[in-house]
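# What the coordinates show
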Amino acid sequence: MDGRAIVITSGKGGVGKTTVTANLGSVLAQSGCKVCAIDADIGLRNLDVVLGLENRIVYHLVDVIAGRCRLKQALIRDKRNENLYLLPASQSDDKNAVTPEQMRQLCQDLKKEHDYILIDCPAGIEQGFRNAVAGANEAVIVTTPEVSAIRDADRIIGLLHAQQLDTQLIINRLNPELVRRGDMLDQQDVIDILAIELLGIVPEDQGIVISTNKGNPAAFNEEYEASQAFWRIGRRIRGEIVPIPNYSDNGNLWSRIGKKLGDTFRRRAS
Amino acid sequence: MNAFADIIRKWLKGSDDADSKDIAKDRLRLVLVHDRSMLPPETLDALRAELVEVVSRYFEVDRAALSMDVQRTRESWALMVNLPLRRARSAL
């Protein structure tokens, strides 16, 4: 087997890299692919709790690299899906415990056994970022439609360009109502600015908060809008052509115009 | 059609103010022009001086009007230089 290693990165923290990694991992695994999600945020592990696997950790990434255990021993199988594995980060070591060359080798080994390696990258552009990117052949950049996140995403795109990685964008936590009011950058604005290919849009959804609380990725609950977005992105990653919904569409424009006219006349009349 | 949609949207909002997303977009554009140049200001100044020097061998130029900018499109990065010329230098 010769899997694809995809790093999920963003520059800015808190935009949803870990959520995206957990959900794409779940979606791809549900579709029958064998997936390994790596938490590359050494010292600040997080992916384990989002996946609800925090109680099963025995060995971690640094143990594997230091030769304290075999790779297979450190991989945790997901409780809901036998195709999904987690390689957790270490809590005690620092980012310098791993070198880019070691990450490259690790990804190489994992690719033999898995269709997809998803690498959850730490925030920032320092050593942790360089390690996470080293073993990847492709990159997915996560941003929210906010100035700070987009600015940092642009930095990361510049750095990835230099590495010649195939790079695509996910816009996370887009709020359709704010977009319609003109108070949030829409997908076209973000694409204009970053000049990068769009892989998908995940709308803001309370379901993400609820499912993260439970340690059960939203992708397993198909009634959430965000979950449907992750399924579409998963299909695109696997090569299907799936249209991206246009959230700046003024679908209910006429009803809003009618309401506004009604309000105006009522005010005049009183 | 887009301009029309903008007018309708502003009317629905009840104000003539620019949409806050347009302010965000303008601010981002400005910040990124600076970020993307990635070169320290001294290096940019040196590049500017050398560019003028080279072009001046062939043309009389308006040094003060030189503008320089780093732009990125989907495929590439480009250094955009605008240097108004006065006239070609005649061969000696």
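By convention here, each chain's residues receive numbers from 1 onward along its written sequence. Whichever chain is written first is A, and whichever ligand is written first is 1; the rest continue in order. Residue-level local features of this predicted model are given only where pLDDT is at least 70; pairs of side-chain atoms are given and counted only at 80 or more, and the full residue set underlies all totals for whole chains, interfaces and linings.

### Concerning the overall build of chain B
Defined as follows: Secondary structure elements are taken from DSSP: a helix is a run of H or I of four residues or more, a strand is a run of E of two residues or more, and numbering for both begins at the N terminus. Exposure in this text rests on C-beta crowding, where 20 or more other C-beta atoms within 10 Å of a residue's own make it buried, 12 or fewer make it exposed, and counts in between make it partly exposed. The C-beta atoms are placed from the backbone. By definition, residue pairs are in contact when their C-beta atoms, positioned from the backbone, come within 7 Å.
Secondary structure summary: chain B contains three helices and four strands in total. Each helix and strand of chain B, placed in order from N terminus to C terminus, yields the pattern α-α-α-β-β-β-β. Each of the 92 residues in chain B was classed as buried or not, and the buried ones make up 2%. The contacts of chain B with a sequence gap of at least 6 include a subset with a gap of at least 24, amounting to 50%.

### Some thoughts on the environment of B:Leu79
Residue and element names in this part refer to chain B. Within the fold, Leu 79 resides in strand β3 (residues 77–82). What makes Leu 79 exposed here is the crowd of 11 C-beta atoms within 10 Å. For the pair Leu 79 and Asp 69, spaced 10 residues apart in sequence, the C-alpha separation works out to 5.9 Å.

### A look at the sheet that holds strand β1 (residues 4–9) of chain A
Residues and elements named next belong to chain A. Where we set the bar: Two strands are said to pair when DSSP picks up at least two bridges between them. Angles shown run from 0 to 180 degrees and are taken between the N-to-C directions of axes, each axis being a line fitted to C-alpha atoms and, for helices, limited to the stretch in contact.
With respect to topology, eight strands assemble into an open sheet ordered β3-β4-β2-β5-β1-β6-β7-β8, the strand pairing being mixed. Each having just a single partner strand, β3 (76–77) and β8 (197–203) make up the two edges of the open sheet. Across four bridges, the pairing between β1 and strand β6 (residues 138–143) is parallel. Bridging across to β6, Ile 8 finds its partner in Val 140. Across the sheet, helix α5 (residues 100–111) is in contact with β1, β2 (35–39) and β5 (116–120); its angle to β5 comes to roughly 145 degrees.

### Let's talk about the packing of α5(A) against helix α6 (residues 127–134) of chain A
Residues and elements named next belong to chain A. Heads up, the condition is: Roughly parallel means an angle under 35 degrees; roughly antiparallel means over 145; roughly perpendicular covers 65 to 115; every other angle is labelled oblique. It is the rotation of the near helix from the far one that decides the hand of a crossing: anticlockwise by less than a right angle makes it left-handed, clockwise makes it right-handed. In this classification, Asp, Glu, Lys and Arg are treated as charged, Ala, Val, Leu, Ile, Met, Phe, Trp, Tyr, Cys and Pro as nonpolar, and every other residue, Gly included, as polar.
At a minimum axis distance of 7 Å, the contact between α5 and α6 shows a crossing angle of 30 degrees. What the angle tells us is that α5 and α6 run roughly parallel. Handedness of the crossing formed by α5 with α6: right-handed. Residue-level contacts link Pro 100, Met 103 and Arg 104 of α5 to Arg 130, Asn 131 and Ala 134 of α6. Class assignment for the residues of the contact of α5 with α6 results in three nonpolar, one polar and two charged.

### What to know about helix α11 (residues 225–237) of chain A
Residues and elements named next belong to chain A. We apply this condition: For a helix, the expected span equals 1.5 Å multiplied by the number of residues minus one.
Taking 1.5 Å per residue as the helical rise, α11 with its 13 residues ought to reach 18 Å, and the 19 Å between its terminal C-alpha atoms agrees with that figure. Close packing links the buried residues of α11 with α1 (17–30), β7 (166–174), β8 and α10 (206–214). Just downstream of α11 lies Gly 239, where phi reads positive at about 100 degrees.

### Things to note about α6(A)
Residue and element names in this part refer to chain A. Among the eight residues of α6, six are classified as buried, and the element is accordingly described as predominantly covered. All of the buried residues in α6 are Gly 128, Phe 129, Asn 131, Ala 132, Val 133 and Ala 134. Packed against the buried residues of α6 are β1, α5, β5 and α7 (147–163).

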